[in-house]
Each structure stands twice: as structure tokens, then as C-alpha cells.
Amino acid sequence: MLEHDVLIIGAGLAGMRAAIAARAGGANAAIISKVHPVRSHSSAAQGGINAALTDRGDEWEDHAYDTIKGSDYLGDQDAIEVMCRSAGQSLIDMEHMGVTFNRDEEGKLGTRAFGGQRRARTFFVGDFTGQALLHVMFEQLIKSGVQRYEEWFVTSLIIEEGQVAGVTALEIRTGKLHAIRAKSVIFCSGGCGRLFEPSTNALIVTGDGMALAYNAGAKLMDMEMVQYHPTTISGSGVLLSEAARGEGAYLRDKNGERFMEKYAPNMMELASRDVVSRSEQTEINAGNGVNGCVLLDCTHLGEKLIMEKLGQIRELGLDLTGKDMIKELVPIRPGMHYIMGGIKTDIDGQTNLPGVYAAGECANVSVHGGNRLGANSLLDTIVFGERSGTHAAAFTRGQSYINVNEGEVVAREEQRLQGMLDRPDNGDRWGKIRLAMGDSMNRNVAVFRNKEGIEETIQELQELKTRYTSVPVHNKGKVFNTDLIFALELGFMLDCAETIAVSALERKESRGAQFRIDYPKRDDENWLKHIVVSQGEVGPELSNLPVTITKWTPEERKY
Ligand SMILES: Cc1cc2nc3c(=O)[nH]c(=O)nc-3n(C[C@H](O)[C@H](O)[C@H](O)COP(=O)(O)OP(=O)(O)OC[C@H]3O[C@@H](n4cnc5c(N)ncnc54)[C@H](O)[C@@H]3O)c2cc1C
């Protein structure tokens, strides 16, 4: 039987960092990914990674304060302290591993300004930072000797004696189902952006790990906090990085006005993302937009800077809107981008289930709270990926494997999948349900929300869940059966969508990314707390946890 001390689900930045750390901690570590590792969504990150470097006159406390304010005081300050304190070293580590960060005229690591931060502390590689980091991390992964299961799809968790004891996984190339036993499992399976349509996320970002953990008894937290990014392309949802505004781009309405003056007179276009997205949507709703968009103006930045630092997004704009940002304004709008919520963990990645860890976008260590600052997510993946890997390796030392009856486990899971393949062809295809879910979420659980809308979505999700049970799988083959995989992903997505909608309904205030038009004010007295979702007998069960405050008292948030 395949077995490993530490099994990492997901080979994005969080997963690879965790795997390398677990191996360095002496564990027999393995990593499993449904796509080739460098195709993970981390490779799509454009803008950069934050760190406060002391020799630049920056301090981790300032980074922490900006992050806490950005989170609308929902982030746990102990976790934020850990992340911001470690950021400098993590950045230097990445540089030493071989990431060729852009440098300034003096030859020092270059920075660009990012939203919601009083200092330029975002380090970057052109506008393809994620790809640069991920490729270097992949080299390190190969060097480390970690076992890789590439293009293997985790279908379920093996639970024995009430504990997670490994996973079942489909080898996509052959269609063979395997059981992999593990003393410890680390979820690094990424976000769930695609349960909104459109989204900036890759099509593979379907919340598999969150749903698997949730259904095994892990707690999810802050699921209502969904980030809409201010600059996405209408229709496709493709992202034009905040790097554009970081380099000095303006946002204009149809009359050419820089409307952010009204909403964030100090930070203007570089206010935090929730604030900018809300301002844009307000202008669009008031009829001041152009075809449901506002305009991104880079024309004053000059061709040289654009070609050097924003080349990829210029091409995206050109291909997808026909506008050349060197000389034209590009229509953009707020679009779903990131989930702040996720599997609740402590600062070492531990969940409430023994031996089960989580890191990266699928996790919620609570460093982003109600709104993540741009370029804090790559940092989160590196810092907490490493901490989880290190901790899991130590946890498994001296532990023995839980007994798993391989034949039985594989047979049971094969039977379940065969059941899906054998369904009669009279239900809706997965694509239809996925789109209906995405539309509903984007209609009612978006930048502006209210009770009626969220209730409508909860109702629609119930109906979609019922229809999901008869989704047919047309491809009956073994080799690369993506039809089956997409059907399985849809099940995970529906579970995640439900946790988001019920949490959004529960929070009766406006904070960070959650703006309730029926409760437009932040209400610290009643809602300065986390909403936790657990899988109950008949569906999601909600509870609360306090927010950890160390030294930054909540205050009014202005930019
Ligand atoms: C377009 C875009 C631009 C961004 N730009 C920035 C930026 O500039 N700065 C920043 O800080 N953040 C940025 N972000 C956010 C950031 O990139 C992500 O939050 C982060 O990279 C997530 O990393 P991860 O390791 O948690 O997950 P991912 O990189 O998404 O990796 C998830 C992994 O899990 C695997 N997996 C999932 N389900 C299964 C399964 N069932 N079986 C097996 N494997 C599975 C996948 O194969 C994959 O390897 C951006 C995000 C997007 C979408």
C-alpha cells in the first residue's frame, strides 16, 4: 500500500512549500495534485508578494497594522503578527532559492505600491510573480526528493477509528483508483473561486479540499468573506492585476472623472479592494459607467514602463477587450477573485481534526479577516505552508499508521464512482448546474448583498443539490475521464457555496467584503466575531469564535 508520514493535497505554492518543509523535518513526504504542479492557480498570480524589510525603513508592525485595518478588524492579530514578522525572511529565502525579483536603479530588490498599504512593500517579478515563484519552488521540490503524484485526483478521505488516515485518489491518466495511507494530511488545495461565475480563478479552483475537510468534520470559518477584485474584464472575468494601479493607473467614470476622490480621498485608487470594488459598483449602478464597467487609465504611465512591468496584462487587455492600455482606456469591473474564509487552523496549520492540517487559500489562519490586502496571499502560502509542513513532520515522528483495509476502501470508493457512471442519462449535465450555481452566487452573494437575495440563493442551491444527485456522466472510459472529474468537483463546489451563503445570511452587518444593504454599518458590539460552519446532521451548523486582538484596537476604517 502507498503510505507516507505526511501527505500534502495540492501542489501550488502552499503545498510545495509545506512538502519541502516536511521533508526537511525528516518526514517521508508526498504531494498529490490534480494538475501538473506548475499549472496550479498560484502560477496565475501577477502582482507580487508583500514583506516589510527593516533595511528599507519598513517595519513588520506597519505591515501588520495595514493588514489588520484591511481585514476590517476581523483578522486574528496573533496570526497576522506571525505572518508579517516572518515575511522578510521568507522573501529572502525565496530570493536565495532563485527567484529573480525585479530590482530598482540601485540594484536592490524593487517594490511597487499595493492597495491598502501606506508603503510600497510589494516585491515582484514583472507581472507574473506567481509563475516565477512556483517554478523555482518546483525545482526545490524535485531536489528535495518528495514523492509526487501528478495528475492524481483526490476523491475522498479515508476515515478509520474516527480519524483521517489517508485519501483515495484517481490516477487520471489510467483511471485506476488508489488508497494512500498517511499519518498526517495537509490540505493545500486552493480556493473555491469558480463557484462564482465569472471569476478570475482558473477552472480547477473548485474548493475540493475545503469540502472534503468540512465533510470530515473540520470547521470552516469566515466563509462569507469573498473578495471581488476591482479590475477584472467583463464577461471572461480575467484579472488585470492591481500592479497597474500600483504603478500609478487611474480609475475613471464615463465622464473621465477619477471617482475614487469621493470614496477614498487619501489612498484614491489604492484603497483596499473591498472599498474600491464597492465604489466602482456604486458608480456603475448610478449610470456613470460604460456598459457595466468603469475605465482603467494607464495612458500616462508610458510605453516603456508598461512594456517592462505590465506586459502580460497589456496583452490580456488587448486580446480580451481590444484596447491597448498604452494609448486607450480599458473597461474593467469588480469580479470574484479570492476567498478569505476556509478551513480554520491555528498558526501551525492545525485544524480541529488530529493530524489534519491546512495552508494557503483553502485555509483560514485568519490573516485576511474580512478583506485580504493584495500580495498578502502569496505571503500567506509561503509562511503558513512552511509552518504546517514543519509541524506535521514533528507530529508524525514516532506515530504509527492507523490500520486501513486497502481492498475494502478501494472497492467502496470504486463502487461509488461506478454508481455515478451508471446513472441514467436523464438528468442535467454538470455544466448546466455549475453555471446556475455561479450565476446565483454572483447575483446575490457579490459586492452588495441583502436578506432576500441570499435566501433566494440558498433556496436555489438546495434545488441544485437535488439535481446534482442525478447528474449523468457521459464518458464511461478510464483514461483522462474529465467528465467524471468535473462531476465530482461540482459536488465539492455546491457544499462550499452553501457554507458561503448561510454565513453571509448570518452576518447582519457590513464589514470588509460583506456589505449588507439591509445592515449597512459595521457593528462591533454584536459582530466583532468569526462565523464558524460545521457539517451537522441535516446541513451546515453555525457557531462563533472571538477575534484575537493583541494591540490594535478596532477603529473606524477610512482610506
Ligand atoms: C489571477 C490571480 C492573480 C493573483 N495574484 C496574486 C498576487 O499578485 N499576489 C498575491 O498575493 N496573491 C495573488 N492571487 C492569489 C494567490 O495566487 C492564491 O491565493 C494562491 O496562489 C493560492 O495558492 P495555494 O497553494 O493555496 O493553491 P493553488 O495554487 O490554487 O493550488 C491548489 C492545488 O490543489 C490541487 N488540488 C485541488 N483539488 C485537488 C484534488 N481533488 N485532488 C488533487 N489535487 C487537488 C491543485 O491541483 C493545485 O495543485 C491571485 C489569484 C489569482 C486567481
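Residues numbered from 1 in each chain as written. Predicted model: local features only at pLDDT ≥ 70, side-chain atom pairs only at ≥ 80, totals over all residues. Heavy atoms only, no water.

Moving on: the side chain of Arg314. If you trace the backbone, Arg314 turns up in helix 10 (residues 311–321). Here Arg314 falls in the buried class, since its relative accessible area comes to 17%. Every residue in contact with Arg314, bar those within four places of it in the chain, is listed here: Ile306, Met307, Asp324, Met325 and Ile326. (Helix = DSSP H or I, 4+ residues; strand = E, 2+ residues; numbered from the N terminus. Buried < 20%, exposed > 50% of the residue type's maximum accessible area, 1.4 Å probe, protein only. Contact = heavy atoms within 4.5 Å.)

Attention now moves to the sheet that holds strand 15 (residues 342–344). Spatially, 17-15-10-18-19 is the arrangement adopted by the five strands of the open sheet, whose pairing is mixed. Looking at strand neighbours, the two that pair on one side only are strand 17 (363–364) and strand 19 (540–546), the edges of this open sheet. Across seven bridges, strand 18 (residues 529–535) lies against strand 19 in antiparallel orientation. In the strand pairing of strand 19, Val532 is matched with Ser543. Sitting on the sheet, helix 15 (residues 482–506) touches strand 10 (220–221), strand 18 and strand 19, and the angle it makes with strand 19 is about 55°. (Pairing = 2+ DSSP bridges. Axes fitted to C-alpha atoms, helices over the stretch in contact; angles between N-to-C directions.)

Frequently, the measure chosen for interface size is the accessible area that the parts lose on association. Partitioning the protein into domains gives domain 1 (235–337) and domain 2 (412–521). Placing the centre of domain 1 and that of domain 2 at their C-alpha centroids yields a distance of 30 Å. Roughly 450 Å² of surface becomes buried between domain 1 and domain 2 when both sides are summed, with 71% attributable to carbon and sulfur atoms. Along the contact surface separating domain 1 from domain 2 lie zero salt bridges. Summed over the shared surface of domain 1 and domain 2, the result is one residue pair in polar contact (both at pLDDT 80 or more). The element that contributes the greatest number of residues to the side of domain 1 that touches domain 2 is helix 8 (residues 273–285), accounting for six residues. The residue inventory of the side of domain 1 that touches domain 2, partitioned by class, reads one nonpolar, four polar and two charged. (Domains from an automatic or database assignment. Buried area = accessible area lost by both parts, 1.4 Å probe. Salt bridge = Lys/Arg side-chain N within 4 Å of Asp/Glu carboxyl O. Polar contact = N/O pair within 3.5 Å; in protein donor to acceptor, adjacent residues only side chain to side chain. Nonpolar A, V, L, I, M, F, W, Y, C, P; charged D, E, K, R; others polar.)

In terms of nonpolar packing, the biggest core is built from 79 residues, with Phe187, Leu195, Met437 and Ile500 touching the most fellow members. Looking at this core, the element that brings in the most residues is helix 15, giving 14 residues. Beyond its immediate chain neighbours, meaning those up to four positions away, Phe187 contacts Ile9, Leu157, Gly209, Leu212, Ala213, Ile343, Val356, Tyr357, Ala358, Ala359 and Cys362. (Core = buried A, V, L, I, M, F, W, Y, C linked by side-chain atoms within 4.5 Å.)

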